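# Structural overview
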Amino acid sequence: MKLANFAAVSGIAAIALTGAVLAQSSSDAIAEATFNNDGSVNAPTDYRRWVFIGSPLTPNALNDGEAPFPEFHNVYVEPSAFEHFVETGEWANGTQIAKELVMIREGDNCTEEDGACFEVSGNGYFQGEFAGLELTVKDTARFAEEPGGWVYYSFGHDGEPYAQTAEAFPAESCNSCHEANADTDFVFTQFYPVLRAVQGN
């Protein structure tokens, strides 16, 4: 084989191999949750270092005193899953999304009528104490019977320390709402401009 032809064939092979490696990396490099023999999931330990995407709030004071989710929801996406979403616009198997609940700050400078507090920046809602931790996991192989392959966990709603393990909620507790109302594969991307921005890339 002539040197030029050999170089061309080698280059094509290298490109093909690189493509295969990249394809494998995009599917195999997702940092997944760890599970126990009884099917429970272990609480993530470093979620506050994940990609922070937002903090929705629906306070009691604006919902007739009984909001279903009255806390700040600090939401974090595991970095490798976030990168996959940036590159593909899809949530990979193994995706983990953590939601830490934080109470609205209370104090002498807060009003009972609307729950707002006056601080140096003005009247508003400010974060108080940690109140709970939840985790969403997507795995269409492990959870083939669950809608979209998504499952939802709670490690407690009583503040730290949170439980170390959790059992999945029944599908009707969470999946049905996400399936009916979430914009992107069971995820409420409509509430997170960080996610909406990367969808436009």
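Residues numbered from 1 in each chain as written. Predicted model: local features only at pLDDT ≥ 70, side-chain atom pairs only at ≥ 80, totals over all residues. Heavy atoms only, no water.

Turning our eyes to something else, we now look at the state of the cysteines. For the structure shown, the criterion picks out 1 disulfide. The disulfide bridge from Cys110 ends at Cys117, spanning 1.8 Å between sulfur atoms. Looking down the S-S bond of the Cys110 and Cys117 bridge, the torsion is 95°, so its handedness is right-handed. For the pair Cys110 and Cys117, a shared accessibility class is recorded, and that class is buried. Counting only cysteine sulfurs, Cys177 is the nearest neighbor of Cys174, a cysteine outside any disulfide, at a range of 8.2 Å. (Disulfide = S-S within 2.5 Å. Buried < 20%, exposed > 50% of the residue type's maximum accessible area, 1.4 Å probe, protein only.)

Bringing the confidence of the model for the protein chain into the picture now. On average, residues of the protein chain score 86 in pLDDT, and 85% of them reach the 70 mark or higher. Contacts from residues 3–27, a stretch scored under 50 in pLDDT, to residues over four places away or in other chains number 3 contacts. (pLDDT = per-residue confidence, 0-100. Contact = heavy atoms within 4.5 Å.)

For Ala67, the location among the structural elements is in the loop between strand 2 (51–54) and strand 3 (72–77). Classification of Ala67 by relative accessible area gives buried; the value is 10%. Sequence separation between Ala67 and Leu57 is 10 residues; the distance between their C-alpha atoms is 9.8 Å. Apart from residues no more than four positions distant in its own chain, Ala67 is found in contact with Thr58, Pro59 and Asn60. (Helix = DSSP H or I, 4+ residues; strand = E, 2+ residues; numbered from the N terminus.)

Take the pattern of salt bridges next. Note on pairing: side chains with opposite charge can pair once their charged atoms come close. Tallying each qualifying case throughout the model produces 5 salt bridges. Between Arg48 and Glu100 there is a salt bridge, with the nearest N and O atoms lying 2.7 Å from each other. Residue Arg48 is located in the loop between strand 1 (41–42) and strand 2, and its partner Glu100 is located in strand 4 (residues 96–104); the two are separated by 52 residues in the primary sequence. Residue class for Arg48 comes out partly exposed when judged on its relative accessible area of 37%. The class of Glu100 is buried, set by a relative accessible area of 0%. The partner of Arg105 in a salt bridge is Glu119, and the shortest N-O contact between them spans 3.1 Å. (Salt bridge = Lys/Arg side-chain N within 4 Å of Asp/Glu carboxyl O.)

Okay, the side chain of His178 next. Examined against the element boundaries, His178 turns out to sit in helix 3 (residues 171–181). Looking at His178, the relative accessible area reads 18%, which means it is buried.

Attention now goes to the packing of aromatic side chains. Taken as a whole, this structure holds 5 aromatic pairs when the rule is applied. Where Phe85 meets Trp91, the ring centres are 4.1 Å apart and the plane angle is 15°; that geometry is what we call stacked. Comparing Phe85 with Trp91 shows no difference in burial state: the two are buried. When the ring of Phe188 is compared with that of Phe191, the centres are 5.4 Å apart and the planes differ by 10°; the resulting orientation is stacked. Among the aromatic residues, those joined into a cluster by ring pairs are Tyr47, Phe52 and Tyr76. The aromatic ring of Phe69 is capped on one face by Lys99, whose charged end is 5.6 Å from the ring centroid. The ring centre of Phe35 lies 3.9 Å from the NZ or CZ of Arg142, which sits over that ring. (Phe/Tyr/Trp six-rings, centres within 6.5 Å; stacked < 30°, edge-to-face > 60°. Lys NZ or Arg CZ within 6 Å of the ring centre and 35° of its normal.)

Bringing the sheet that holds strand 8 (residues 150–154) into the picture now. An order of 2-3-4-7-8 is seen for the 5 strands of this open sheet, with the pairing classed as antiparallel. In this open sheet, the two edge strands, each paired with only one partner strand, are strand 2 and strand 8. Shown here is a sheet whose adjacent strand axes are inclined to one another by a mean of 30°, direction ignored. Note: strand 4 against strand 7 (residues 127–138), 8 bridges, orientation antiparallel. (Pairing = 2+ DSSP bridges. Axes fitted to C-alpha atoms, helices over the stretch in contact; angles between N-to-C directions.)

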